[in-house]
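# Summary of structural features
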Amino acid sequence: MEAKTKVWLAEDGKPIIGGGKVELLKAIDEERSLRKACMKMDISYKHAWNVLNKMSERLGKDVVTTIRGGKNQGTFLTDEGRRLIKEYEMNRKFINNTMEDEGSWEKLGLAISARNKIPAKVVGIEKEGLVAKVKLEIDPSALTSIITSEAVERLEIKEGDNVFAIIKSTEVLIGKEQKQK
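Predicted model, so just to flag it, every value in this text is computed and none were measured.

Cut-off values and rules
- Residues numbered from 1 in each chain as written.
- Predicted model: local features only at pLDDT ≥ 70, side-chain atom pairs only at ≥ 80, totals over all residues.
- Heavy atoms only, no water.
- Phe/Tyr/Trp six-rings, centres within 6.5 Å; stacked < 30°, edge-to-face > 60°.
- Helix = DSSP H or I, 4+ residues; strand = E, 2+ residues; numbered from the N terminus.
- Lys NZ or Arg CZ within 6 Å of the ring centre and 35° of its normal.
- Axes fitted to C-alpha atoms, helices over the stretch in contact; angles between N-to-C directions.
- Parallel < 35°, antiparallel > 145°, perpendicular 65-115°, else oblique.
- Left-handed = near helix turned anticlockwise from the far one by under 90°.
- Contact = heavy atoms within 4.5 Å.
- Nonpolar A, V, L, I, M, F, W, Y, C, P; charged D, E, K, R; others polar.
- Buried < 20%, exposed > 50% of the residue type's maximum accessible area, 1.4 Å probe, protein only.
- Arc of directions from axis to C-beta.
- Polar contact = N/O pair within 3.5 Å; in protein donor to acceptor, adjacent residues only side chain to side chain.
- Salt bridge = Lys/Arg side-chain N within 4 Å of Asp/Glu carboxyl O.

## Section: the packing of aromatic side chains
Under the counting rule described, the total for this entry stands at one aromatic pair. Judged by centre distance (6.4 Å) and plane angle (80°), the ring pair of Y45 and W49 falls under edge-to-face. Linking Y45 with W49, this pair stays in helix 3 (residues 45-59), spanning four residues, or about one helical turn. Positioned above the aromatic ring of Y45 is the side chain of R35, whose terminal nitrogen or guanidinium carbon lies 4.4 Å from the ring centre.

## Quick notes on the packing of helix 1 (residues 19-31) against helix 2 (residues 34-41)
Contact geometry of helix 1 with helix 2 gives a least axis separation of 8 Å together with a crossing angle of 125°. Judged by the inter-axis angle, helix 1 sits oblique to helix 2. In terms of crossing hand, the pair formed by helix 1 and helix 2 is right-handed. Residue-level inspection shows G20, E23, L24, A27, I28, E30 and E31 of helix 1 in contact with helix 2, the latter providing L34, K36, A37, K40 and M41. Taken together, the residues of the contact of helix 1 with helix 2 sort by class into six nonpolar, one polar and five charged.

## Some points on helix 2
Note: α-helices contain 3.6 residues per turn, so residues at a spacing of three or four share the same orientation. Every buried residue of helix 2 is accounted for by L34, A37 and C38. For helix 2, the angular spread of buried residues about the axis comes to 100°, placing them on one side. Exposed residues on helix 2 whose side chains face more than 90 degrees from its buried face are R35 and M39. Taken together, the buried residues of helix 2 touch helix 1, helix 3 and strand 4 (74-77). Taking the backbone nitrogen of R35 as reference, a side-chain oxygen 3.4 Å away marks S33 as the first, capping residue of helix 2. A positive phi of about 60° marks D42, the residue just after helix 2.

## Some remarks on the side chain of E87
Structurally, E87 is set in helix 4 (residues 79-100). Leave out the neighbours within four places in its chain, and E87 touches L9, E128, G129, L130 and V131.

## Looking at the pattern of salt bridges
Considering all chains together, one arrives at nine salt bridges under this definition. Put simply, K40 and E30 hold a salt bridge, and the shortest N to O gap is 2.2 Å. Highlighted residues: K40 in helix 2 and E30 in helix 1, separated in sequence by 10 residues. The exposure class of K40 is partly exposed, given its relative accessible area of 45%. Since its relative accessible area comes to 55%, E30 is described here as exposed. A salt bridge links E87 to R83; the shortest N-O distance between them is 2.2 Å. Of this pair, E87 and R83 both sit in helix 4, separated by four residues, roughly a single helical turn. Take E87: its relative accessible area is 6%, and that puts it in the buried class. Exposure remark for R83: the relative accessible area of 28% places this residue in the partly exposed category. Each of K61, E80, R83 and E87 takes part in one network of salt bridges that share partners.

What follows is the structure, given as structure tokens:
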């Protein structure tokens, strides 16, 4: 048996893009036509437009643009569409590498399927669009949790903060004790 993960990017708790939507954007980029991309993926044109519109609506930015008429007509990715693919693939690669690295879990003395709440110290924060990489020090090791940039803001996470790494079977979450106001 092996552990599996599913990666998607979300904004305000609402999914924006996962593996299927990334494949749609890649097919559009390759075919330069929504209709051809739909045929390639065996999905309906209406469904694809609904998916693209929902992504654009949640982001507040278009992920594709359409040019009608002339020899340069077609459907093309916007810079935002390309950024989403890049961000998704970066996070998917990171998650897959982390899940495959059994040594990183063994150093902490944890079983992947266990739920654990471990005191940690924030030693670095990298915000990249919708997501943030929060590096945690858990003596004698360190790990990185990928959470939304919004969660970093909402929890007011800063370098030097004492937090908890909450290990679930498919993700590493971050929790912080809130001071009474």
